[in-house]
Amino acid sequence: MTATVATEPQSPLPAWNDPRLGTEARVDALLGAMTLREKIAQLFGIWVGASDEGAEVAPHQHDMEEAVDLDTLLPDGLGQLTRPFGTVPVDPAVGALSLLRTQRRIAAANRFGIPAVAHEECLAGFAAWGATAYPVPLSWGATFHPGLIREMAAAIGRDMRAVGVHQGLAPVLDVVRDARWGRVEETIGEDPYLVGTLATAYVQGLESAGIVATLKHFAGYSASRAGRNLAPVGMGRRELADVILPPFEMAVRESGVRSVMHAYTDTDGVPSAADADLLTGLLRDTWGFTGTVVADYFGIAFLKTLHGVAGTFGEAAAAALTAGVDVELPTVKTFGAPLLEAVEKGEVTLDLVDRAVRRVLTQKVELGLLDPGWSPVPAALEGVGPAADPETLRGTIDLDPAANRELAARVAERAVVLLRNDGILPLDPGTPRRIALIGPNADSPTAVLGCYSFPVHVGGQHPDVPLGIGLPTLRDALWAEFPDAELVTATGCGVDDPDASGIAGAVALARGADLVIAALGDRAGLFGRGTSGEGCDAESLALPGVQQQLLDALLDTGTPVVTTLLAGRPYALGRAAGESAAILQAFFPGEAGTAAVASVLSGRTNPSGRLPVSVPRHRGAQPSTYLAARLGQASEVSSIDPTPAYGFGHGLTYTTFAWTDLTVADESAPTDGAFTLALTVRNTGARAGTELVQLYLHDPVASVVQPVQRLIGYHRLDLAPGESSRLQVTVPADLASFTGRDGVRRVEPGELELRLSASSTDPRLTARVTLTGPVRTPDHTRHLHAAFASRPTEATA
């Protein structure tokens, strides 16, 4: 008798298309079948724009790139499509059809049927025509609310994924070091812990929708000298390790992020794009990151043209690939023919190419792009084929639905910061009064938008195209909020022009009013076309143009002035910091921003925002943040006082809170232990409100100079009038760690102060504790958070 051996039926699918195999096996099979040209084609993108007629995307030409011939490129395949929705205004449904047709062409043109990864900007919402414009990241920081930011990011991700996008180029994890830098609006703030927690939440939300999030800019971009964009970074390795890197480490460890973008800058002479210690040694070997590293736009070519560390584009490609960059964006310049030639000449090993291609293909497998059932039809066009009539689709996809607008409003309301209030706020909407709304941002629809919002970033180049979303001006919002008021408006001056001729008329209007609302701040733009945004760096932190002159003139009228700022960075306000009846700060709060400001003015919203960046007292006291050592504070030996007018974490509400009954479970703990504190917070006012308990660490004596204090935790408490909560905080000793002289992180024994504070300038309760035992060297698995737990206590009348 002959034994019969059962065998698995052989799959008719190529191994790389067989979902029964593991990802690694599928990628191995595909790599083994690809030619060198086909491999390299997966390592770059091309910059395109969707067609508003539904045709395939067209290559976008930029003054820093050469023309791209798709017919020549596509037979070898293509790694990425750069910004099909974010390059020109296009109806979302027609744009999705255009992308669908392009992906079908890309997959059909290469012998493995591999489509491209489509990426978009999503810094303050999906950067597409008609998509919701959410508050900018600096406003996220002002919320101190990771859960809300996670919810917002998930909504952004769902909209992107529905129209065929795979990757989002956000969030920005740069820590503000100098507020003159134009891209402050894109950051979350000046504290690494705040940046890390909110960026991690944003990534979690975006990734939950199936979008590959991208951490940027890795690392040090925001620490450029004099706050100039793309300037060298003069920073020691300890500052890099203790201020710049922690947000990235937190996000890599906790968020599930799948991509990282290198920074443009060089630090101590080493460009990030060519820094193997950073992109491979730290990011991958130490932190365990397994995703893709993508280039900031043109960043690999900059190794030759700006940094001067490569003599040819082939050398630039070799340096970046060796360091750990996997994908060139936005288009092919160095990772195409120059890289191919370098490999063929033996100047770059095939192993380096395979390493990058493996990461790219792994991501494409995980995205389902190599599955046998893959279709280029996105969810929003389900049932629609490539032959669909674009005109029947136009207007069928809404990227700004009511649910999005409601979410944008919640974020904006929680981001408005009340800096000062002499009791004039809130204003009773039912009280008749004459309000003079004066300033360059009084009646500007785009005054609430940052430079990466679609209407500013792209729409400004297409002035004849409608904005695509509703953008009520502050004047519109005040009309709606105060229907019984008489509202009169004057510009007074422009945002940044030197013409002061309108100030006299504005002053006359103010003298006849019961109240002045001064609408001041920024105009977002790119590369000098605005007062805030990429390439819009400031010489000082004085209000742009003659706005300070206007503000001072309004204060001189004697009419109460509520200074309201719609801006992308903090500004010194001169005498207004102490003389305004009230000051509201809103950092480009998005399409619902003016309504949020109006609701805070009326009291319909009790303000809960806190400053993510310090507001300077003097316009020239830069660079300075609250994260300064003792020598960075005010002293008798310098005539420059960096003390802020309003410190990091500051923000008022329309109620009051009492902090009492601090207890410390054990005032000493070993260097591998933890402390447990508890306090009671009670709402002593007549209105419901939110208190933000901030925990700062002060290390009086350390082996290297430390900041006077640094944030190590925070917790929001929403309390009704008379309600109190008992808040317990467990603080691991790891949170006292810092980088020593030898570059190794350490926890040292000694005394510490744990300051429970309402802001960096307002400590309420202080626990003095001691770490005991030997110096300990925690690694990248150390604790990153204090644990907060609250329980209500009995209400007090």
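Computed from a prediction, not measured in an experiment: that's the story for all the values here.

Enquirer: Hey, could you run me through the sheet that holds strand β12 (residues 434-438) in this one?
Expert: Strand pairing in a sheet relies on backbone hydrogen bonds, with the paired strands running either antiparallel or parallel. With mixed pairing, the six strands of this open sheet are ordered in space as β11-β16-β15-β14-β12-β13. Each edge of the open sheet carries a strand with a single partner, namely β11 (417-421) and β13 (486-490). If you compare each strand with its neighbour and ignore which way they point, the axes differ by 15° on average. Where strand β14 (residues 515-521) and strand β15 (residues 561-567) come together, six bridges link them in parallel fashion. By the bridge assignment, Gly521 is partnered in β15 with Leu566. Where helix α18 (residues 474-481) meets the sheet, it contacts β12, β13, β14 and β15, and its direction lies at approximately 170° from that of β13.

Enquirer: Any chance you could explain the pairing of strand β16 (residues 582-587) here in plain terms?
Expert: Side chains on a regular strand alternate between the two faces of the sheet. Counting buried residues along β16, six of its six residues qualify, which places the element largely inside the surrounding structure. Residues of β16 alternate between two faces, with Ala582, Leu584 and Ala586 on one and Ile583, Gln585 and Phe587 on the opposite face, all of them buried. Looking at chain direction, β11 and β16 are connected through four bridges and run antiparallel. Looking at β16, one finds that Leu418 is bridged to Leu584. Relative to β16, β15 is paired through six bridges, and the arrangement is parallel. Within the sheet, the bridge partner assigned to Leu566 lies in β16 and is Ala586.

Enquirer: Sorry, what's going on with the pattern of salt bridges here?
Expert: Where side chains of opposite charge bring their charged atoms close, a pairing between them can arise. Counting across every chain of the model gives 35 salt bridges. Its salt-bridge partner being Asp52, residue Arg394 comes within 3.2 Å of it at the nearest N-O pair. Residue Arg394 is found in the loop between α15 (390-393) and α16 (402-415), and its partner Asp52 is found in the loop between β1 (45-49) and β2 (58-59); the two are separated by 342 residues along the sequence. Between Arg410 and Glu406 there is a salt bridge whose closest N-O contact spans 2.8 Å. Within this pair, Arg410 and its partner Glu406 are both found in helix α16, separated by four residues, close to a single helical turn. Residue classification places Arg410 among the partly exposed residues on the basis of a relative accessible area of 22%. Salt bridges sharing common partners tie together Asp52, Glu391 and Arg394.

Enquirer: Which parts of the structure should I look at to understand the packing of aromatic side chains?
Expert: Centre distance and the angle of the planes are the two values used to describe a pair of aromatic rings. This model, assessed by the stated rule, comprises 14 aromatic pairs. Ring geometry for Trp16 versus Phe112: centroids 5.3 Å apart, planes at 85°, classification edge-to-face. Taken together, the positions of Trp16 in the segment before α1 (23-33) and Phe112 in the loop between α4 (92-109) and β4 (117-120) put the pair 96 residues apart, joining distant regions of the chain. Take Trp16 and Phe112: they sit in the same class, and that class is buried. Note on Tyr264 and Phe302: the rings are 5.4 Å apart at their centroids and 50° apart in plane angle, and the pair reads as tilted.

Calculation notes
- Residues numbered from 1 in each chain as written.
- Predicted model: local features only at pLDDT ≥ 70, side-chain atom pairs only at ≥ 80, totals over all residues.
- Heavy atoms only, no water.
- Pairing = 2+ DSSP bridges.
- Helix = DSSP H or I, 4+ residues; strand = E, 2+ residues; numbered from the N terminus.
- Axes fitted to C-alpha atoms, helices over the stretch in contact; angles between N-to-C directions.
- Contact = heavy atoms within 4.5 Å.
- Buried < 20%, exposed > 50% of the residue type's maximum accessible area, 1.4 Å probe, protein only.
- Salt bridge = Lys/Arg side-chain N within 4 Å of Asp/Glu carboxyl O.
- Phe/Tyr/Trp six-rings, centres within 6.5 Å; stacked < 30°, edge-to-face > 60°.

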